[in-house]
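Descriptive structure summary
The primary structure of each chain is shown beneath.
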Amino acid sequence: QVQLVESGGGLVQPGGSLRLSCSGSAAGVNLMGWYRQTPGKQREWLAHITQDGRPNYAASVKDRFTISRDNAKDTIYLQMNDLKPDDTGIYYCKSIPSGPWGQGTQVNVSS
């Protein structure tokens, strides 16, 4: 199974937006999830999406984040709006349940 690669992170001001991407062969067919890691805390599940595009969200990101996928491009996305400082962390995607973690992409929300 090919490792997934996350991209699209960066520095953004509170209230801003970012769109993350996750690419790899598994992202075109599998149940996929987005997660984030903050220092000293457990990795947090944020959202997942089925092969046919049905999403589910954690309460912490519902109504601000949107997960989507383009199976033809072997890519899933996380559109993040109204970002808050507490959203700062390393964001990862993973094939559910047993896919490996990638390197992640860093998101910093700060003024």
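Everything here concerns the structure above.
Residues numbered from 1 in each chain as written. Predicted model: local features only at pLDDT ≥ 70, side-chain atom pairs only at ≥ 80, totals over all residues. Heavy atoms only, no water.

**Focus: the pairing of strand 10 (residues 105-109)**
So the rule is basically this: Type-normalised accessible area, obtained with a 1.4 Å probe on protein chains alone, sets the label of each residue: buried when under 20%, exposed when over 50%, and partly exposed for intermediate values. Where helices and strands are cited, they refer to DSSP runs of H or I of at least four residues and of E of at least two residues respectively, numbered from the N terminus. Each pair of strands is called paired provided DSSP finds at least two bridges between the two strands.
Only one face of strand 10 is covered, namely the one carrying T105, V107 and V109; the face carrying Q106 and N108 has none of its residues buried. Pairing of strand 2 (residues 10-12) with strand 10 involves three bridges; the strand directions are parallel. Residue pairing across strands places G10 opposite V107, the latter belonging to strand 10. Taken together, the three bridges between strand 9 (residues 89-95) and strand 10 define a ladder with antiparallel strand orientation.

**Structural notes on the sheet that holds strand 9**
Our working rule: Axes here refer to lines fitted to C-alpha atoms; in helices the fit is confined to the stretch in contact. Angles between the N-to-C directions go from 0 to 180 degrees.
Ordered by their spatial adjacency, six strands build an open sheet running 2-10-9-4-5-6, and the pairing between neighbours is mixed. Across the chains shown, the open sheet's two edge strands, defined by having one partner strand only, are strand 2 and strand 6 (55-57). Direction aside, neighbouring strands of the sheet carry axes that sit 25 degrees apart on average. In terms of strand pairing, strand 4 (residues 32-37) meets strand 5 (residues 44-49) through five bridges, oriented antiparallel.

**Concerning unusual backbone geometry**
Following I96, the chain continues to P97 via a peptide bond in cis, the omega torsion being 10 degrees. Here P97 shows up in the loop between strand 9 and strand 10. A positive phi angle, close to 55 degrees, is found at D74, a residue other than glycine. By secondary structure assignment, the location of D74 is in the loop between strand 7 (65-70) and strand 8 (75-80). Despite not being glycine, D82 has its phi angle at roughly 50 degrees, a positive value. Its location among the elements puts D82 in the loop between strand 8 and strand 9.

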